[in-house]
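# Structure assessment
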Amino acid sequence: MHAIQSPWDGSALPVPFPAQRTEEHGPGFAVVDVETTGLGRSDRVISAGVYQLDQHGEVTDHWYTLVNPERDPGPVWIHGLTSAVLAGAPTFPEIAAELAARLDGRVMVAHNALFDWNMISREYARAGLRAPVEQRICTMVLARDLALPLPNGKLSSLAEYFGVQQRQAHNALDDARVLAEIFRPSLRMARTAGLPLPLTACVAVTDLGEETPAPQRGSWSSSYRPGRKRPPCPYPNPGRWVDGRPLMQGMRVAITGDTATERELLEDRAIEAGLHIASSVSRLTSLLVTNEPGSWSGKARKAREHGTPVVGEDAFLQLLREVVPHPGV
């Protein structure tokens, strides 16, 4: 049993894996978690945890660092990292080489991997570098492919399913440890079933969140996504969502802007809960999900015009946990 110092209170944080182990079959995987100042393109990494695994999913090493974002740390009530705690930490360019050495040549594994990859990739781009990662695996997608009987896609639900104890949620190293313990049996299950791993190519991010000119008339915006044809929602629209109440089956939900959760996965989870994913916003829309409510996207503008209720992605994910049945069911 090993331990590191907690960045919250200085107490020992146990790490139940050997710190070193000789790899036998190539570089393997890098299980990653980052805590950030927020969810937007201009937000920054404030801590990073990495567990290196061999090809069998066995842990060979672990590493953790705080990162000084040189700005407000964001939701301290979530990650516990105050400006005072981060003041003496290295900046991202100062830890970039060490992090790169732990990622180099490995498949990156993360929970909601698109978000972690985008945040890491943007940090490297700001430093004039590129993260040495070519492929990633999202454990939310892997859990879906394995058809695990989970109530939702939260890390805590996966941890409970596999009997893994979370000691410090939203601590980058402990979340990475939990994910490493989850990934090992998931990897074994996939290989036993002959299920291909959901490998996704990692494309370097170039949009760093700076202001960009509005797209010219007649051109596609960079966020354009072709719609997927979906079966009609079997429930009639019960009306608008009311703050403080649960979502109800049949509600029309529109989503706009960047989301930390892969968009198709977010839509799939909403549809599985009995909601209707709307491609536009009208007076019949029950709810708009966006991390940028003040944006000038067409959906956000229409929501303001119609007085459509708006929630962020995190709040929407919480609401998806308890969607009530339609009264006509």
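Just above, that's the structure.
This paragraph deals with the pairing of strand β4 (residues 45-53). Burial analysis of β4 places nine of its nine residues in the buried class, which makes it a mostly covered element. Where strand β3 (residues 29-36) meets β4, eight bridges bridge the pair, whose relative direction is antiparallel. Counterpart to T36 in the pairing with β4 is V45. Pairing geometry for β4 and strand β5 (residues 59-66), over seven bridges, is antiparallel. For L53, the partnering residue across the bridge sits in β5 and is V59. Linkage of β4 to β5, two consecutive antiparallel strands, is achieved through a turn of five residues, within which G57 is found at a positive phi near 90°.

Summed over all chains, the structure comprises three aromatic pairs. With a centroid separation of 5.0 Å and an interplanar angle of 70°, the aromatic rings of F29 and F183 are classed as edge-to-face. Taken together, the positions of F29 in strand β3 and F183 in helix α7 (residues 172-193) put the pair 154 residues apart, joining distant regions of the chain. In this pair, the class of F29 matches that of F183, namely buried. Judged by centre distance (4.9 Å) and plane angle (90°), the ring pair of Y161 and F162 falls under edge-to-face.

This part is about the sheet that holds strand β6 (residues 107-110). Taking strand neighbours across the sheet as the criterion, the six strands line up as β5-β4-β3-β6-β7-β8 in an open arrangement whose pairing is mixed. Of all strands in the sheet, those with a lone pairing partner are β5 and β8 (199-201), marking the two edges. With direction set aside, neighbouring strand axes in the sheet form an average angle of 30°. The strands that helix α3 (residues 92-103) touches are β3, β4 and β5; relative to β5, the one it contacts most, it runs at about 160°.

Turning to the pattern of salt bridges, a few remarks are in order. Counting across every chain of the model gives 11 salt bridges. Among the salt bridges present, the one from R130 reaches E134, with a minimum N-O distance of 3.8 Å. On the accessibility criterion, R130 (38% relative accessible area) is partly exposed. With a relative accessible area of 54%, E134 lands in the exposed category. Across the pair R144 and D145 runs a salt bridge whose closest N-O atoms are separated by 3.7 Å. Using a relative accessible area of 33% as the deciding quantity, one classes D145 as partly exposed. Within this structure, R44, E123 and R126 form a network of salt bridges that share partners.

Definitions and cut-offs
Residues numbered from 1 in each chain as written. Predicted model: local features only at pLDDT ≥ 70, side-chain atom pairs only at ≥ 80, totals over all residues. Heavy atoms only, no water. Buried < 20%, exposed > 50% of the residue type's maximum accessible area, 1.4 Å probe, protein only. Helix = DSSP H or I, 4+ residues; strand = E, 2+ residues; numbered from the N terminus. Pairing = 2+ DSSP bridges. Phe/Tyr/Trp six-rings, centres within 6.5 Å; stacked < 30°, edge-to-face > 60°. Axes fitted to C-alpha atoms, helices over the stretch in contact; angles between N-to-C directions. Contact = heavy atoms within 4.5 Å. Salt bridge = Lys/Arg side-chain N within 4 Å of Asp/Glu carboxyl O.

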